[in-house]
Amino acid sequence: MAETQAGLVVWDVDGTLIPADLRWLRRAVARTYHIEESSVVFPASRVHGYTDESIVVDTAIASGVTSDAAEDGFSRYADVLMDVMSNGAAELARDQAAYPGAANTITALAEHGYVQTALTGNLRVSAEFKLTVAGLDSHLDLDIGAFGSDARDRFDLPAFVADRFQAKYGHPIDPARTIIIGDAPNDIATARHAGFGVVAVAHRLTPEELSEHSPDAIVNKLDPDTVLQAIRSVQAIRSAVGIDQ
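All figures in this text were calculated on a predicted structure; none of them were measured in a lab.

**Student:** Give a detailed account of the overall build of the protein, specifying residues and quantitative values.
**Tutor:** When you go through the protein residue by residue, the secondary structure sums to ten helices and five strands. Relative to its length of 245 residues, the protein is compact, with a C-alpha radius of gyration of 18 Å against a globular reference of 18 Å. Here the C-alpha coordinates of the protein stretch approximately 55 × 40 × 35 Å along the principal axes. When burial is assessed residue by residue, the protein has 50% of its 245 residues classed as buried. Total accessible area on the protein stands at roughly 10600 Å², and carbon and sulfur atoms take up 49% of it. Distance from the positive charge centre (19 side chains) to the negative charge centre (35 side chains) of the protein: 2 Å.

Here is the structure:
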C-alpha cells in the first residue's frame, strides 16, 4: 500500500467543503419523531460543529419530544435521513454544491502526497452521500475517517481516525503532521483536544471571529496554493517545537 510522508489532512464537511444547511436535519427530525417541520426547534447552541446524534436528540427535546422518546427515536433517524436526502439529491446538488476551490484543493493535496479523510458530525452514510453528490469523494479515504455514527461526543472522534490510520498503514499517525481543516470553533477545539494542528476556513465566521479561538492558521477560502502553504507552515512550526507521537 502506497504511503505518504507529507502528512494527514482531516476535513470537516459542512461549512468547510460544502455549505451547511439544516433543511435535511429539520425534515428528518420531523419525520423521525412524527412532528410538523414547522414545529422543529433547533437549540440555540450545540448545532454547528457537533455530532448528528447530539443535535438530533437536543433538537427533538427542544421541539417538545420527551427525553426518553428523543433518545429512543434516534435509532430510526439514519434510515429516515437517507430517505430524505436520496429524495432530495437534485436539491442537494443545486443548493449545497462544493465551495469554490474545494475539489481543486483536495486534488492538489493528494498530488503533494497528503493522505486525506473526513472528521464530521454527520453520520457516515450521510457524509458519504453529501461528498459524492458534491464530487469531492475521489481523494478522501473515508475508511480512516470518523463520523457522528461513531460517537456522540465530537471530542471522541479523533481517536477513531488514529486507530483506523494505524490499522491501515501499520504505524501511528504523527500529530505534528496531522491537520484538521474546519470552519467552526468546535473544529478548533477538537483539534486541540486531539493534539492535532488546525487550519480554519473563514466561510461562516470572519477571520477575526475565528482568531478568538486560536487556530494555527486561517484561510479566507479554499485556494489550493493558500491551503497547502498554510498546512506546511503549521506542520513546520509544530515539528520545530517537538510535537511527536
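**Student:** Tell me about the sheet that holds strand E2 (residues 114–118), and please be specific about residues and values.
**Tutor:** The parallel open sheet is built from five strands, whose spatial order is E2-E1-E3-E4-E5. The open sheet terminates on both sides in strands that have one partner only, identified here as E2 and strand E5 (217–219). Here the strands of the sheet are splayed against their neighbours by 25° on average, with no regard to which way each runs. Pairing geometry for strand E1 (residues 7–11) and strand E3 (residues 178–182), over four bridges, is parallel.

**Student:** How would you summarise the pairing of E2 if you had to cite specific residues and measurements?
**Tutor:** Counting buried positions along E2 yields five of five residues, so the element is predominantly enclosed. Here E2 shows two buried faces, one formed by Tyr114, Gln116 and Ala118 and the other by Val115 and Thr117.

**Student:** Tell me about the packing of aromatic side chains, and name the residues and values.
**Tutor:** According to the stated counting rule, one finds two aromatic pairs in the structure shown. When the centroid spacing of 5.5 Å and the interplanar angle of 15° are considered together, the rings of Phe74 and Tyr77 count as stacked. Of this pair, Phe74 and Tyr77 are both found in helix H3 (residues 67–87), three residues apart, which corresponds to roughly one turn of the helix. Given the relative accessible area of 0%, Tyr77 is considered buried. Where Phe165 meets Tyr169, the ring centres are 4.6 Å apart and the plane angle is 40°; that geometry is what we call tilted. Of the two residues, Phe165 and Tyr169 both sit in helix H7 (residues 157–169), four residues apart, roughly one turn of that helix.

**Student:** An account of the nonpolar core is needed here, citing residue identities and associated values.
**Tutor:** Counting residues in each nonpolar core, the largest one holds 30 residues, and the members touching the most others are Trp11, Leu17, Ile181, Val199, Leu222 and Ile231. Of all the secondary-structure elements, those providing two or more residues to this core are E1, helix H5 (102–111), E2, helix H6 (124–133), E3, strand E4 (197–201), E5 and helix H10 (224–240). Sorting elements by how many residues they give to this core places H10 first, with five residues. Residue contacts for Leu17: discarding those within four places in its chain leaves Trp11, Asp12, Ala98, Tyr99, Ala102, Ile106, Leu131, Leu136 and Leu222. Counting residues in each nonpolar core, the second largest holds 23 residues, with Leu25, Val56, Val57 and Ala60 among its members.

Conventions used here
- Residues numbered from 1 in each chain as written.
- Predicted model: local features only at pLDDT ≥ 70, side-chain atom pairs only at ≥ 80, totals over all residues.
- Heavy atoms only, no water.
- Helix = DSSP H or I, 4+ residues; strand = E, 2+ residues; numbered from the N terminus.
- Rg over C-alpha atoms; globule rule 2.2 N^0.38 Å.
- Buried < 20%, exposed > 50% of the residue type's maximum accessible area, 1.4 Å probe, protein only.
- Areas by Shrake-Rupley, 256 points an atom, 1.4 Å probe, with all protein chains shown as cover.
- Lys, Arg positive; Asp, Glu negative; His and termini not counted.
- Charge placed at Lys NZ, Arg CZ, Asp CG, Glu CD.
- Pairing = 2+ DSSP bridges.
- Axes fitted to C-alpha atoms, helices over the stretch in contact; angles between N-to-C directions.
- Phe/Tyr/Trp six-rings, centres within 6.5 Å; stacked < 30°, edge-to-face > 60°.
- Core = buried A, V, L, I, M, F, W, Y, C linked by side-chain atoms within 4.5 Å.
- Contact = heavy atoms within 4.5 Å.

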